[in-house]
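# Chains, contacts and geometry: an overview
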Amino acid sequence: MVEGGHRVTPRLDIPDGPGGPPVQLWTLRPELLPTVQAMIDGPYHRSCLPAREREAARMRIAELNDCVICRDYRARSARAGGATEELYAHVSEPDAASYTERERLAIEFAERFALDHQGIDDAFLNRLRAAFSDAEVLDLSICCAAFLGLGRVLAVLGIEPFAAGEAVASPDATTA
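Residues numbered from 1 in each chain as written. Predicted model: local features only at pLDDT ≥ 70, side-chain atom pairs only at ≥ 80, totals over all residues. Heavy atoms only, no water.

## Digging into the confidence of the model for the chain
Close reading of the predicted structure is inappropriate where its pLDDT is low. The pLDDT averaged across the chain works out to 89; a share of 87% of its residues lies at or above 70. This stretch, residues 164-170, has a pLDDT under 50; its non-local contacts, to residues over four places away or in other chains, come to nine contacts. (pLDDT = per-residue confidence, 0-100. Contact = heavy atoms within 4.5 Å.)

## Quick word on unusual backbone geometry
Phi at Asp66 takes a positive value of approximately 55°, unusual for a residue other than glycine. Within the fold, Asp66 resides in the loop between helix H3 (51-65) and helix H4 (68-72). For Asp66, a relative accessible area of 37% corresponds to the partly exposed category. (Helix = DSSP H or I, 4+ residues; strand = E, 2+ residues; numbered from the N terminus. Buried < 20%, exposed > 50% of the residue type's maximum accessible area, 1.4 Å probe, protein only.)

## Here we look at the side chain of Glu55
With respect to the helices and strands, Glu55 occurs in helix H3. A distance of 3.3 Å separates the side chain of Glu55 from the side chain of Tyr44, its partner in a polar contact. Excluding residues that lie within four positions of it along the chain, Glu55 makes contacts with Tyr44, Ala78, Ala83, Leu87 and Tyr88. (Polar contact = N/O pair within 3.5 Å; in protein donor to acceptor, adjacent residues only side chain to side chain.)

## Overview of the packing of aromatic side chains
Within this structure, the stated rule accounts for four aromatic pairs. Their ring planes at 90° and their centres at 6.3 Å tell us that Tyr44 and Tyr73 sit as a pair that is edge-to-face. Taken as a pair, Tyr44 in helix H2 (residues 33-46) and Tyr73 in the loop between H4 and helix H5 (76-80) lie far apart in primary sequence, 29 residues in all. You'll find Tyr44 and Tyr73 in the same group, each marked buried. (Phe/Tyr/Trp six-rings, centres within 6.5 Å; stacked < 30°, edge-to-face > 60°.)

This is the structure we're talking about:
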């Protein structure tokens with residue numbers, strides 16, 4: 001069933017259990033859970049990018065994926081790294097907020113990565129490389145791949161929290 005533009009029930013038969021569908025989904029293929037955990041761990045615990053840049057890119061992809069869980073999620077480590085509600089609120093209109101040049105580029109890269117990866121031409125890559133090291137460009141690319149892939153899985157399968165604001169398992173919980 002779709003309500004208010006969003007599916008209110010998962011598109012798969014998800015077992016009942018703690019954490020609801022966002023947690024119990026992975027019980028369908030527990031062999032793949034280490035892969036999912038690695039996709040989360042990389043951006044949140046191994047990225048060399050400042051949290052604000054990474055989170056600006058993540059949020060833009062969350063909006064484009066129309067993933068409720070991703071849009072609502074705020075990692076403790078990102079908050080500690082300076083991610084604010086203002087950062088999250090304006091990624092679809094970066095000129096309406098006071099983003100740094102690198103944050104604006106991360107948002108633009110995330111959008112292009114998600115919607116028009118073939119449109120990432122040499123001119124844009126040169127602008128990106130003027131602000132980011134090659135290692136940081138690779139890091140941002142890997143983070144965007146993880147955000148896009150996992151967010152699409154959740155959105156396509158209709159996985160949402162039981163109720164607005166329900167907590168989702170935190171990637172910070174694995175090392176905090």
